[in-house]
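Descriptive analysis of the structure
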Amino acid sequence: MLSLYRNQLMGQQKKVLLIGSGLMAEAVIDQLLKRNDNFVVVASAHVEDARKVIQNKQRCSAHHLDVTETEELRKFVKNSDIVIAYIPPQFIVPIARICAEVGRSMITSQYTFPEIRALEEECKKKGIIMLNEIGLDPGIDHLATVKVRDEVYAKGGKIIEYESWCGGVPSPEFCDNPFGYKFSWSPFAAIRNINNDAKYLENGVQKYIPASELLYSTEIIHVNPSLQMEGYPNRDSLPYQELYGLKDCQKLVRGTLRYQGHCVLMAAMKALGFASEETIKVDREMSWFEYLLSNIRFESCSSNFLANHHITQLANTIDQKLFTLAQLETLLTKVFNRVFSQYYYKDKSEEQLYKDAEQITYTLKWMGVFDPKNLILNNVTHVHNFAAHLQTLMNYRQGETDLVAMQHIFKIVYPNDPRVYVKKSTMVKIGHRNGKSAMAITVGVPTAVATQLILDGVIKATGVHMPNISEINTPLYEELKKEGIYCEEEDY
């Protein structure tokens, strides 16, 4: 196999090894193949996916690669000029170590792990770069932020507040499910993200939001006059004050964007245990209805909601051919005792609670919870079970498009000027109908462009980096503008 790989590459000037064949891979490949002197080797544990993604393309090949087979991985890396790692996070560090050992630069859209930072000196000695966080978010967000920062600092200004928001959702015309969301990247990773705590800076004070309150901690973000979304803090924003050099910031938050209503509904699913990291253990086939009935922890609820006729009204909206009214009332009582025990609901009126309950009931029906043919998975985590089930319901269908929205909000002051200036840096992209998604384009193209700039010697930095320095960012952002990928700036 490896001899075939060498023969295919013979005479090729630049050999790019792409490890992974997932949803973003084709955008990377197509961008790299714009240059006739590139040959792309796609190596994946899912070789059929790799073959499919290179179908009808020239100057590329597909190969099976199990990255846990260290010697085989080393051979692939050694026979390449540069490596792109588009693979789950747990495999990135072993690949990086081999790249450092062999002396090959590596590019990834993943966050910079401490284990990769530890390779700094070795990379410098080998004259290579480990360029991390070069996709959409992280990636384009860094580029747009550093551009504005450099311009403000060049004029002697200070950035006193900074917000960065980003999200991928269905285009409005294809937003046709209760969650207002479809999967343009890993369903498991997307759902698991709601289990993260968050930290950010507000009025110069560090704020902490536990995972249990994350989805209730939203604010409205006016992306543009026709697009209002809700945003919630994403993980730990605090390190970015130093990484971006925003020493004067009194507010600093990085967050996730979703259509309005998504977060409180997903929080209800989380309250029901769907996002738990515990493993499901059952000794027989079990439907979602049985699973909920036997696994929801009963919580007391201070509201009188459950003491009136509303449960019966909701139960009567569900087909009773398969379950009795009493069974449905029992399940819904447990569901709403659990959901409405969350602090978010404590001051809501009975009318507001009933409206929320209608939406949650509708969502459970849409999910097929009341269909005994829908069985849960065994010996997987609850969050894996939930993600796998939603994936069957929330994938993009042929002809549907997605939307990527990104916005940075800066508050800026200048010497001898009492005013506070507001600058917004915004990008909204729609995917191609029956083509690449906006998510794939805005993740994959930046990765490929960065790879090309390293191969061409335009980016000369060595060591371990993310795109937060001008030496990397300026040429990269200029090239992305040529591809139509950049943020529009507006002053207020």
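Residues numbered from 1 in each chain as written. Predicted model: local features only at pLDDT ≥ 70, side-chain atom pairs only at ≥ 80, totals over all residues. Heavy atoms only, no water.

As annotated in an unreviewed UniProt entry, the protein carries the name Saccharopine dehydrogenase and is attributed to Paramecium pentaurelia.

Another aspect to go through is the overall build of the protein. Summing up its helical and strand segments, the protein has 18 helices and 16 strands in all. Relative to the 2.2 N^0.38 estimate, which gives 23 Å for 492 residues, the radius of gyration of the protein is 25 Å and therefore close to what a compact globule would have. C-alpha extents for the protein along the principal axes are approximately 75 × 65 × 40 Å. When burial is assessed residue by residue, the protein has 53% of its 492 residues classed as buried. Across the protein, every contact between residues at least 6 apart in sequence was considered, and the portion connecting residues at least 24 apart equals 71%. (Helix = DSSP H or I, 4+ residues; strand = E, 2+ residues; numbered from the N terminus. Rg over C-alpha atoms; globule rule 2.2 N^0.38 Å. Buried < 20%, exposed > 50% of the residue type's maximum accessible area, 1.4 Å probe, protein only. Contact = heavy atoms within 4.5 Å.)

Below, the discussion takes up the sheet that holds strand S6 (residues 129–131). In a beta sheet, neighbouring strands pair by backbone hydrogen bonds and run either parallel or antiparallel. Ordered by their spatial adjacency, seven strands build an open sheet running S3-S2-S1-S4-S5-S6-S15, and the pairing between neighbours is parallel. Taken across any chain shown, the strands that pair with only one partner, and hence form the sheet edges, are strand S3 (60–64) and strand S15 (463–465). The average angle at which neighbouring strand axes cross in this sheet is 20°, direction not considered. Note that strand S1 (residues 14–19) and strand S4 (residues 82–85) share four bridges and pair parallel. Note that in S4 the partner of leucine 18 across the bridge is isoleucine 84. Where helix H4 (residues 70–78) meets the sheet, its contacts fall on S1, strand S2 (38–44), S3 and S4, and the angle it forms with S1 comes to roughly 145°. Sitting on the sheet, helix H17 (residues 438–455) is in contact with S1, S2, S4, strand S5 (105–107) and S6, with an inclination near 165° to S4. (Pairing = 2+ DSSP bridges. Axes fitted to C-alpha atoms, helices over the stretch in contact; angles between N-to-C directions.)

Time to look at helix H11 (residues 262–271). Three or four residues apart is the spacing at which side chains of an α-helix point the same way, because the helix has 3.6 residues per turn. Along H11, nine of the 10 residues are buried, which leaves the element largely enclosed by surrounding structure. When we look at burial in H11, the residues that qualify are His262, Cys263, Leu265, Met266, Ala267, Ala268, Met269, Lys270 and Ala271. If you follow the buried residues of H11, they end up packed against helix H9 (187–192), strand S11 (227–233), strand S12 (251–258), helix H14 (325–339), helix H15 (350–366) and helix H16 (382–393). Two residues or fewer after H11 comes glycine 273, characterised by a positive phi angle close to 95°.

In this section: the nonpolar core. If you look at the biggest cluster of nonpolar residues, it comprises 70 residues, and the most contacted ones within it are Met269, Phe274, Ile360 and Leu364. Contacts of isoleucine 360, omitting those with residues within four sequence positions, involve Leu265, Ala268, Met269, Val335, Phe336, Val339 and Tyr345. Membership of the second largest hydrophobic core comes to 51 residues, among which are Ile54, Leu131, Met427 and Tyr477. (Core = buried A, V, L, I, M, F, W, Y, C linked by side-chain atoms within 4.5 Å.)

Moving on, we get to the state of the cysteines. All told, the structure shown has zero disulfides when counted by the stated rule. Cysteine 99 takes part in no disulfide bond, and the closest cysteine sulfur, belonging to cysteine 123, lies 8.7 Å away. Residue classification places cysteine 99 among the buried positions, given a relative accessible area of 0%. (Disulfide = S-S within 2.5 Å.)

The next point concerns the packing of helix H2 (residues 25–32) against H17. Packed helix pairs are specified by the crossing angle of their axes together with the interaxial distance, meaning the distance between the axes. At a minimum axis separation of 8 Å, H2 and H17 run at an interaxial angle of 40°. Taken together, the axes of H2 and H17 lie oblique to each other. Of the two possible hands of crossing, H2 and H17 adopt the one that is right-handed. Along its contact with H2, which presents Ala27, Val28, Gln31 and Leu32, the element H17 presents Ala440, Ile441, Gly444, Val445, Ala448, Val449, Thr451 and Gln452. (Parallel < 35°, antiparallel > 145°, perpendicular 65-115°, else oblique. Left-handed = near helix turned anticlockwise from the far one by under 90°.)

Note that histidine 63 resides in strand S3. The spacing of histidine 63 and glutamate 48 is 15 residues in sequence and 9.0 Å in space, taken between C-alpha atoms. At 2.9 Å, the side chain of histidine 63 forms a polar contact with the side chain of serine 61. (Polar contact = N/O pair within 3.5 Å; in protein donor to acceptor, adjacent residues only side chain to side chain.)

Sheet topology places strand S10 (residues 219–224) next to S11; five bridges connect them, and they run antiparallel. In the sheet register, isoleucine 221 faces S11, and the bridge partner there is methionine 229.

Time to look at the packing of H4 against helix H5 (residues 92–102). The N-to-C vectors of H4 and H5 enclose an angle of 55°; their axes lie 10 Å apart at closest approach. Here H4 lies oblique to H5, going by the angle between them. Here H4 and H5 pass one another in a crossing that is right-handed. Residues Thr70, Leu73, Arg74, Val77 and Lys78 of H4 pack against Ile95, Ile98, Cys99, Glu101 and Val102 of H5. The residue makeup of the contact of H4 with H5, split by class, is six nonpolar, one polar and three charged. (Nonpolar A, V, L, I, M, F, W, Y, C, P; charged D, E, K, R; others polar.)

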